[in-house]
Each structure stands twice: as structure tokens, then as C-alpha cells.
Amino acid sequence: MADQEEEQDNTGDQNHKPQDLPQVLILKPPPVLSVIGEESFLSNKYQFLKAWESPLPLHQFLTAHAGSIQAILCSGASPVTDDLLQLLPSVRLVVTASAGTNHIDLEACHRRGISVTNAGNVFSDDGADAAVGLLIDVLRKITASDRYVRQGLWVSEGDYPLGSKFQLRGKRVGIVGLGGIGLEIAKRLEALGCNVLYTSRKKKTFLSYPFYSDVCQLAAHSDALIICCALTDQTRHMIDKDVFSALGKEGVIVNVGRGAIVDEKEMVRCLVHGEIAGAGLDVFENEPDVPKELFELDNVVLSPHRAVFTPESFMALCELVVGNLEAFFSNKPLLSPVMDV
Ligand SMILES: O=CC(=O)O
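All values reported here derive from a predicted model rather than from experimental measurement. (Residues numbered from 1 in each chain as written. Predicted model: local features only at pLDDT ≥ 70, side-chain atom pairs only at ≥ 80, totals over all residues. Heavy atoms only, no water.)

Topic: the domain arrangement of the chain
Stated precisely, the cut-off is as follows: Domains are outlined according to an automatic or database domain assignment. Residues count as neighbours in contact if any of their non-hydrogen atoms are within 4.5 Å of one another. Simply put, the buried area is the total loss of 1.4 Å probe accessible area from both parts when two parts are fitted together.
Looking at the assigned domains, one finds that the chain contains domain 1 (23-118 + 311-330) and domain 2 (123-302). With centres defined by C-alpha atoms, the gap from domain 1 to domain 2 works out at 32 Å. Taken together, the contact between domain 1 and domain 2 spans eight residues of the former and four residues of the latter. Both sides together, the interface formed by domain 1 and domain 2 hides about 510 Å², and carbon and sulfur atoms give 61% of it.

What about unusual backbone geometry?
Cut-off, in case you're wondering: Comment: elements are numbered from the N terminus, with helices defined as DSSP H or I runs of at least four residues and strands as E runs of at least two.
Residue Pro 288 is reached from Glu 287 by a cis peptide bond, and omega for that bond is 5°. Examined against the element boundaries, Pro 288 turns out to sit in the loop between strand S10 (278-281) and strand S11 (300-302). A positive phi angle, close to 55°, is found at Lys 141, a residue other than glycine. Note on placement: Lys 141 falls in the loop between helix H7 (124-140) and helix H8 (142-150).

Things to note about the pairing of S10
The test is simple: Only protein chains enter the accessibility calculation, which uses a 1.4 Å probe. A residue is then buried if its area is under 20% of the maximum for its type, exposed if over 50%, and partly exposed in between. With strands facing away from the observer, any crossover in which the path from the first strand over the helix to the second runs clockwise is taken as right-handed. When DSSP locates at least two bridges between a pair of strands, those strands are taken to pair.
Where burial is concerned, the two faces of S10 agree: the one with Gly 278 and Gly 280 and the one with Ala 279 and Leu 281 are both buried. Note that the unit made of strand S9 (residues 252-255), helix H13 (residues 264-272) and S10 has a crossover that is right-handed. Relative to S11, S10 runs parallel, the two being bridged by three bridges. Looking at S11, one finds that Leu 281 is bridged to Leu 302.

Digging into the pairing of strand S6 (residues 172-176)
Counting buried positions along S6 yields four of five residues, so the element is predominantly enclosed. Here S6 runs beside strand S7 (residues 195-199); their pairing, made up of five bridges, is parallel. Of the residues in S7, the one forming a bridge with Val 176 is Thr 199. For the crossover from S6 across helix H10 (residues 180-191) to S7, the handedness is right-handed. Note that S6 and strand S8 (residues 224-227) share four bridges and pair parallel. Bridge pairing links Val 176 to Ile 227 in S8.

Side note on the sheet that holds strand S4 (residues 93-96)
Within a sheet, neighbouring strands are paired by backbone hydrogen bonds and run either parallel or antiparallel to one another. Rules: Only the stretch in contact is used when fitting a helix axis, every axis being a line fitted to C-alpha atoms; angles between N-to-C directions are given from 0 to 180 degrees.
Read from one edge of the open sheet, six strands run S2-S1-S3-S4-S5-S12, paired in mixed fashion. Strand pairing shows two members of the sheet lacking a second neighbour, strand S2 (47-50) and strand S12 (337-339), which therefore form its edges. Direction aside, neighbouring strands of the sheet carry axes that sit 25° apart on average. Packed on one face of the sheet, helix H14 (residues 311-329) meets strand S1 (23-26), S2, strand S3 (69-74), S4 and strand S5 (115-117) and runs near 170° to S4.

Observations concerning the state of the cysteines
Threshold: A pair of sulfur atoms, both from cysteines and within 2.5 Å, is called a disulfide here.
Counted according to the given criterion, the structure contains zero disulfides. Left unpaired, Cys 194 is separated from the closest cysteine sulfur, that of Cys 228, by 14 Å. The closest cysteine sulfur to the non-disulfide-bonded Cys 228 is located on Cys 229, 7.0 Å from its own sulfur.

Some words on the packing of aromatic side chains
Aromatic rings in a pair are described by how distant their centres are and how their planes are angled relative to each other. Defined as follows: Stacked, tilted and edge-to-face are the three classes applied to pairs of Phe, Tyr and Trp rings, where Trp contributes its six-membered ring and a pair requires centres within 6.5 Å; stacked means planes under 30 degrees apart, edge-to-face means over 60, and tilted covers the rest.
Counted according to the given criterion, the structure contains seven aromatic pairs. Judged by centre distance (5.5 Å) and plane angle (35°), the ring pair of Tyr 46 and Phe 329 falls under tilted. With Tyr 46 in the loop between helix H3 (38-41) and S2 and Phe 329 in helix H14, this pair connects stretches of sequence that are 283 residues apart. Take Tyr 46: its relative accessible area is 3%, and that puts it in the buried class. Here the aromatic rings of Phe 123 and Phe 314 are separated by 6.3 Å at their centres, their planes lie at 70°, and the arrangement is edge-to-face. Taken together, the positions of Phe 123 in the loop between S5 and H7 and Phe 314 in helix H14 put the pair 191 residues apart, joining distant regions of the chain. For Phe 123, a relative accessible area of 3% corresponds to the buried category. Aromatic ring contacts, followed pair by pair, group Tyr 46, Phe 48, Phe 328 and Phe 329 into a single cluster.

Remarks on H10
We count it as follows: Here, expected helix span is obtained from the residue count minus one, scaled by 1.5 Å.
Taking 1.5 Å per residue, 12 residues should reach 16 Å; H10 reaches 17 Å between its end C-alpha atoms and fits that length. The complete set of buried residues in H10 reads Ile 181, Gly 182, Glu 184, Ile 185, Ala 186 and Leu 189. The secondary structure elements touched by the buried residues of H10 are H7, S6, S7 and S8.

Now the structure itself:
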């Protein structure tokens, strides 16, 4: 079957590359590819097997290369499941071009002795900028005011209603997840005169920000919550009815983590009924579907899961991905390990 497949399939550029290069499977093109371009991103030290370019059905394509694929390069759009790994017994490394790893079955990787790397801290600055930008936009209604001007309402209706604007300085902002992005958010907020508090898996002893082990308690002491933690079984729907009610009518939520960390139906209900004051959202439970009710709300700012995407961060990501592959194939320590087995 492999021979027949090789005749039909030029994925991985088999005609031009020595067959002994390590084979790296890419299931779907990660977003970084369209920005950086394949030439710069895909190092010629590896044979990249681009599943989406193969004329073969995926299962047949994978079966044909099953024994030789040693690494998988993926992103949030291409889940790495136990079933997939079962098909590919030679895989020893999964490199994801994302900070989040919720699309990878980490338990299966661990059980199968597969190492995993992610985007490390390359997205921390851009993710933090986007989170703070969304918060400022919700509080100061920047995009809502922009719509007001563009629609000619400044002329026909007069001044934009002042009552709905909130000052950032002095706000108590609860950060949910003080990892790379969370720490950068905290730095920015401090510089802007906010009071930072946080919850995280563990208290960070090197920081003086007030720590709350309970997210409801954090919400009760915050004017705004910024969600930037990982999506795991523990954090799925962690931001629920109780958290919204603790945050209260004046409270704002910003989410640059993953949509499913928030109980989205409940959030929409709270926004529609004015039980929280506003939301800045880069991520959603069923992307690219966004609850239609949100389109009507001027106190909600929407962004299409692009918080961390800048050409600069993609360049850094490109180096990191190649660095991780090189480290792995030369038995050196991985640069951004999530799991090093
Ligand atoms: O959402 C983006 C990422 O996880 O990198």
C-alpha cells in the first residue's frame, strides 16, 4: 500500500528530499504558515508530511506513513488524540504552534512516552496587549464609540452617552491564571494604575499581588476578571453562574484563554440581563460560531481568536518550533517542554 501511495502522493516533497530525514507530520496548516510562509517555517532538515495536500483519505495517508512519522507539528485546529497516536507508533514528539495544549491528549502522550512542546512564552506580550486592549475597550467603549461616529449618530443624536464609560485607573483586576501571559498582563495593569489580584494553580511566593485560591472569592474582590489560564478538565466552565454573580452588575470579564473556560450560555444570559457590565472576548466555546445575542450588545467587544497573532510573535514561534525539533532530534533538552518524557 505504501508504494501505491507514494506514486500518488507528493506530500512531503519525497522526490527532492532524502528519505532518511526525520518525518514530521502536519495535519492542518497552522496559522503561522500563512503569515511566515512555508519556505521560512519548514526547515529543510526534516521531511514535512502535509496531510492536507495528500490526495489520499487521511486514514490511508497516515497508515502509509505510520511506521516512519517521528514527530507531529500541530496547532489548536488539529487535535492530537489517543486514536491518532495509536495509528502512529513511531511518534515521540508533538510540537504545537500554540500556547494552549487542550487539543492534545496529554495523558495519552505521557502513557506512550511522547514529549510535547508548545509556544512557550513567545505569545506572552501580544496576548497581554490584547487582553488589556479588550479591557480598555470595554470600559471606555472605544469600538462602540467608533461605530457611533461612523454611523453618523454623533451628528444626529448628539454626544455619545457619558454615563456608560468607566475609568481604568484604580480598578481591581483579577487575573485568572498567572502564567506567561498573566504575568505580562499584571505588569501592564500595574503601570496603568490598577490593583492586581489573581488566582492560579499555586500561590506565586515571589509576587506580592493578593492571591485567592477560590475564583469566586477573586471575582467578589474584583471589578474585572481577565481569563488567561489553560483549558483543562479542572478549568472547563470554571467561570460559571456563581462567579458571575460574585463579580456583580458592575463587573467586566475579558477572555483571551479558551472559550470553554467560561460557561458561555450563562455569560450571555448575564450580559443580556445586565447582571454583569460588559465583556471583551477573543475566544468562544464553538469557534467560529459566536452567540448572536452578543452582536446586539454595545458593552461587548468581540475578536476572532487573534489575540496573540502578530508577525513578530510568529517569527519567534518559527524559531522556537525549529529549535524544539532540532533539540529533540539531537537529544538535547527541549526549549519549551510541556511534557519531556
Ligand atoms: O490561542 C492561541 C494559543 O493557544 O496559542
